[in-house]
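Architecture and fold: a report
Listed here are the chains, written in short residue letters.
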Amino acid sequence: MANMNAEAQAAAVGEVETKGLSLGKIVWGRFVRHKAAMISAIVLTITILVVLTSIGVGPIPGWWMWSPTDIDPTIQNNGRPTLQFNGIVPSFGEHPFGQDQIGRDVFARTMRGAQVSLLVMVLMGIIATAVGVVIGAFAGFYRGKLDNVLMRLTEVIIAIPTIVVTAVIGKVFGSSSPALFGIVLGLLLWPGLARLVRAEYLSLREREFVDAARVAGAGDRSIIFRHILPNSIGVVIVNATLLMATATILEAALSFLGFGIQAPNVSLGQLINEYQTSFSTRPWLFWWPGFFIIVFALTINLIGDGLRDAFDPRQRRIPKTKEMKKQAIAKAETEVAE
Amino acid sequence: MLRFITRRMITAVGVLLAATYLFFVLAANAGDPLEDLRASSQPNRDYLIEQRTQLLHLDVNPFVRYFYWLGAAVQGDLGKDYKTNQEVTTMLGDAMGQTIKLVAFASVAAIVIGVLVGIISALRQYSGFDYGITLVAFLMYSLPSFWVAVLLKQWGAIGFNNFLADPHIPPVALAIIGGAMGVVVGSAVGGEWKRRLMIGGIAGVVTAAVLGFMSATDWFLDPGLGPVVIFALGLAIAIIVVFLGIGLNNKPARNAALTVVLIGVAAYFPMQSAFEYTSGPAALGSLIGFIAMGAFVGWLFGGPDRRVSARLAGIVGGFMYAFLWLDYIMSWWQTYSNTSAIGGRPIATVGSSTPELTGSGFWIGTIDTFTHMVLPITALILISLAGYTRYMRGSMLEVMNLDYIRTARAKGMPERTVVMRHGFRNALIPIATLIPLDLAALFGGAVITETVFGWSGMGRLFVGALNEVNVNVLMGYFLVTGILLLIGTIIADVLYVVLDPRIRVES
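Conventions adopted
- Residues numbered from 1 in each chain as written.
- Chains lettered and ligands numbered in written order.
- Predicted model: local features only at pLDDT ≥ 70, side-chain atom pairs only at ≥ 80, totals over all residues.
- Helix = DSSP H or I, 4+ residues; strand = E, 2+ residues; numbered from the N terminus.
- Buried ≥ 20, exposed ≤ 12 C-beta atoms within 10 Å, placed from the backbone.
- Contact = placed C-beta atoms within 7 Å.
- Nonpolar A, V, L, I, M, F, W, Y, C, P; charged D, E, K, R; others polar.
- Expected span 1.5 Å × (residues − 1).
- Bend = angle between axes of the 7 residues up to and from the residue.
- Axes fitted to C-alpha atoms, helices over the stretch in contact; angles between N-to-C directions.
- Left-handed = near helix turned anticlockwise from the far one by under 90°.
- pLDDT = per-residue confidence, 0-100.
- Core = buried A, V, L, I, M, F, W, Y, C linked by C-beta atoms within 7 Å.
- Parallel < 35°, antiparallel > 145°, perpendicular 65-115°, else oblique.

**Here's the deal with the overall build of chain A**
When helices and strands are tallied, chain A shows 14 helices and two strands. Of all 338 residues assigned to chain A, the portion counted as buried reaches 40%.

Here it is, written out as structure tokens:
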């Protein structure tokens, strides 16, 4: 009995990990316990599903009755949103997010904008992460001259304020296609991650397992990507997540300034830019794109925070005083019983 | 150390050259500076195109054109704006002045509030307050700044101006504000439930009562503090400063602070006429005078630790001057608000001053600047606050779990000393190294905030120049921000070494 209690206490403090779980399981277990991150992950998944399926992707049709370009000639009630709540039961009506001045459905347009913003965000995140990992890994692993050159290069890119350089790039590439815009921005956002990965490699390359791999005949490339990279995966995943949250806001800001996605393409920032003058007459045009930007940025930020906690080996979640007291009482009771 | 700095400077120059080259090529490809001329129907169109091509060396490949720019820039000539023919250096100077005005106050406020909230949040880890602050910080972190800015314009400015037309707060609103205040304060203070309920309840009732009084007496139309309120505020500040600085048990410090408050209140009527003839430099001079007066009083009260009393009393003196100043400037509010150019709608949404009011004196001018700055500053604070709060919380938590904190507690130090002297000071080190970088970045202007609020600072200069593909202006802008950012990096590195003796530089 006392034994079980000690175990429960250890579980509460997070010490059961010593029992030989794999890193993946430990991290997953900690992540699931992080309530805010878990809720965010669920909300984000549902949002993405709705965004993708409602108006369909490319040639695949969606379940929503309007497409972003459809014009409904009857503008009902000045285009006010028909979304209503009877208690907590929502009734959607024909245009739940309202209509704009020429009768287009705001829900469909917001969904299209969210799709484009997601595309840009994911492309930016993947490319920046890939470039950052490769450059950081090579700089940290080979050190010396290559490190010097690569780090000076990152300093050059850091010396240019992000919004400034991305605005210039956006002006050049933004109007052509969202995908290209995302890719080019990704090529500029890697320096922060590269520095962190470099620091990881600098310390990991001195460890015994690297020597062991080399003795076993592994080449440089295999050591860099097969042996060291999995050991620094925490830093990479956490920062890639946070990078995506930054990318969401950055894309929206650039499109708002007119240096990003431009009409006829729509993105969340571009929608706000297009509709900002009509705030006083049709505020809903302005509300919904902003709402989705916040949903994306907030959930991704919280997931990143949860991942950071989950990957942090020093992380020992201290139980609340209430729980501690409860356990102490339980323990005292069992001792008395024995 | 000197060698370290020199070496960093030399690398910085190299980095700057490479970055400007990259940026020049990018900027030159951002569009066509001849666009407006090509579309024009003037008879001398071809001549104008020819002239501008000559001026901007457009016939030269951008990869080579950079060296024309660099050659002139080294001699201090940053070229001209091709549209207005203005020197880029003067444009930069003007924009810089506007940006500093906006950014200086916003960043100081964001840092102070962020540090404060971060510390409380760390000291009450895993409490309701901590979770609440964390959630709010994440929310603010995820807000798109342009969205916030437009909302502030709509609700902050237009809403407040509408409110001023009939400045009465309905009882329901009073109850809600008081209740919210009570919940925040109650969750921020520690201790037993009973104590927290009581403190929170008092805070809520006081807030509601003060607001109700202000609403009933039309305070918002003709604000002012008066000697009684100044005395109360001074007393509160004195208690807080002495409590945080050395503890209320310290008699000399306590008495010195109280004396300074009394002197400040006694100076109320003399200062009224003194303020009438004040301008900017004189105001700064009298602020320093008040601080010196406070320090002197603290010194006179002496005690075993004279310097602490002097320092704390000096801080109280500075606050007393601020209250007196605030009270005086409030007395001008009604005059300002009722001028025909303002017409009772004081909070402005666009620009940095009301042109009709130029030359109407220091005080009216100051109020006018304030009413134009309040919205962009609020937006900036909201956006940058979250980062500082999170950072300070993490840093404070890390420090408070270190062994020397346990040692300090074990040898019987009062909790105040442990937190303020052992914890707080060391937790500030990472923040201190963050600040130079942030300030340097801020000089580049808050691009989005300035654009939304029509504030003609650095950020707007950049956006305008990029729209016109005005390469000379873009390069001038980039040169200033790039240099500041590199200097900021070096200062941050040096600060780290200076503040944390465990770190050694390898030169």
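Once you've had a look at it, read on.
**Some details on the overall build of chain B**
Within chain B one finds 21 helices and zero strands. Seen through its C-alpha atoms, chain B measures out along the principal axes to roughly 80 × 65 × 45 Å. Of all 507 residues assigned to chain B, the portion counted as buried reaches 34%. Put simply, 73% of the contacts in chain B that link residues at least 6 apart link residues at least 24 apart.

**Some remarks on the interface of chain B and chain A**
Between chain B and chain A, the residue contacts involve 36 residues of the former and 32 residues of the latter. Of all elements in the fold, only α1 (2–28), α6 (128–141), α7 (145–165), α19 (447–452), α20 (458–468) and α21 (471–499) of chain B reach the threshold of two or more residues within the side of chain B that touches chain A. Examining the composition of the side of chain B that touches chain A, we find that eight residues originate from one element, α1 of chain B, more than from any other. Here the side of chain B that touches chain A is built from residues that sort into 27 nonpolar, nine polar and no charged.

**Focus on helix α5 (residues 88–123) of chain B**
Owing to its 3.6 residues per turn, the α-helix brings residues three or four apart onto one side. In a regular helix each residue adds 1.5 Å, so 36 residues correspond to 52 Å; α5 of chain B covers 50 Å between its end C-alpha atoms and thus fits that length. Along its length, α5 of chain B reaches its greatest deviation from straightness, about 25 degrees, at Val103 of chain B.

**A short note on the packing of helix α11 (residues 233–257) of chain A against helix α12 (residues 268–275) of chain A**
All names here are of chain A. For the pair α11 and α12, interaxial distance at closest approach is 7 Å and the crossing angle is 35 degrees. The hand of the α11/α12 crossing is right-handed. In this structure, α11 uses Glu251, Ala252, Ala253, Leu254, Ser255 and Phe256 to contact α12, whose residues at the interface are Leu268, Gly269, Gln270, Ile272 and Asn273. For the contact of α11 with α12, the residue count by class is six nonpolar, four polar and one charged.

**Brief notes about the confidence of the model for chain B**
Low pLDDT marks regions whose predicted coordinates should not be analysed in detail. All names here are of chain B. The share of residues in chain B with pLDDT of 70 or more is 99%, and the mean pLDDT across the chain is 85. Of all helices and strands in chain B, the one with the weakest mean pLDDT is helix α2 (residues 35–39) (76), whereas helix α17 (residues 403–410) scores best (92). Here the predicted complex scores 0.83 on pTM and 0.79 on ipTM.

**A closer look at the environment of Gly178 of chain B**
All names here are of chain B. Here Gly178 shows up in helix α8 (residues 171–188). Along the chain, Gly178 and Thr481 lie 303 residues apart, while their C-alpha atoms are 44 Å from each other. With sequence-adjacent residues up to four places away left out, Gly178 is seen in contact with Gly204, Val205, Thr207 and Ala208.

**A short note on the nonpolar core**
Formed by 156 residues in total, the largest nonpolar core has its most connected members in Ala253 of chain A together with Ala27, Phe146, Ala149, Phe462, Leu466 and Leu474 of chain B. For this core, the element with the most residues is helix α4 (residues 106–142) of chain A, which contributes 17 residues. Beyond its immediate sequence surroundings of up to four residues, Phe146 of chain B is in contact with Ala253, Phe256 and Ile272 of chain A together with Ile448 and Val452 of chain B. Ile230, Ile237, Met293 and Tyr321 of chain B belong to the second-largest nonpolar core, a separate cluster that totals 27 residues.

**Considerations on unusual backbone geometry**
Residue and element names in this part refer to chain B. Of note in this structure, Asn85 is not a glycine but carries a positive phi near 65 degrees. In this structure, Asn85 sits in the loop between α4 (62–74) and α5. The exposure class of Asn85 is exposed, given the 8 C-beta atoms found within 10 Å. Phi angles above zero are rare outside glycine, and Val469 is one such case at about 50 degrees. Residue position: Val469 is located in the loop between α20 and α21. By C-beta crowding, Val469 is classed as buried, having 21 other C-beta atoms within 10 Å.

**Overview of the environment of Phe160 of chain B**
Examined against the element boundaries, Phe160 of chain B turns out to sit in helix α7. Remark: the alpha-carbon pair of Phe160 of chain B and Ile347 of chain B, spanning 187 residues in sequence, is separated by 7.5 Å.

**Focus: the packing of helix α9 (residues 208–215) of chain A against helix α10 (residues 220–228) of chain A**
All names here are of chain A. Across the interface, α9 lies against α10 with an axial gap of 11 Å and an inter-helix angle of 130 degrees. When the interaxial angle is binned, α9 and α10 end up oblique. The element α9 and its partner α10 pack so that their crossing is right-handed. Side by side, α9 and α10 meet where Phe209, Val210, Ala213 and Arg214 of the first sit next to Ile223, His227 and Ile228 of the second. Of the residues in the contact of α9 with α10, the class split is five nonpolar, one polar and one charged.

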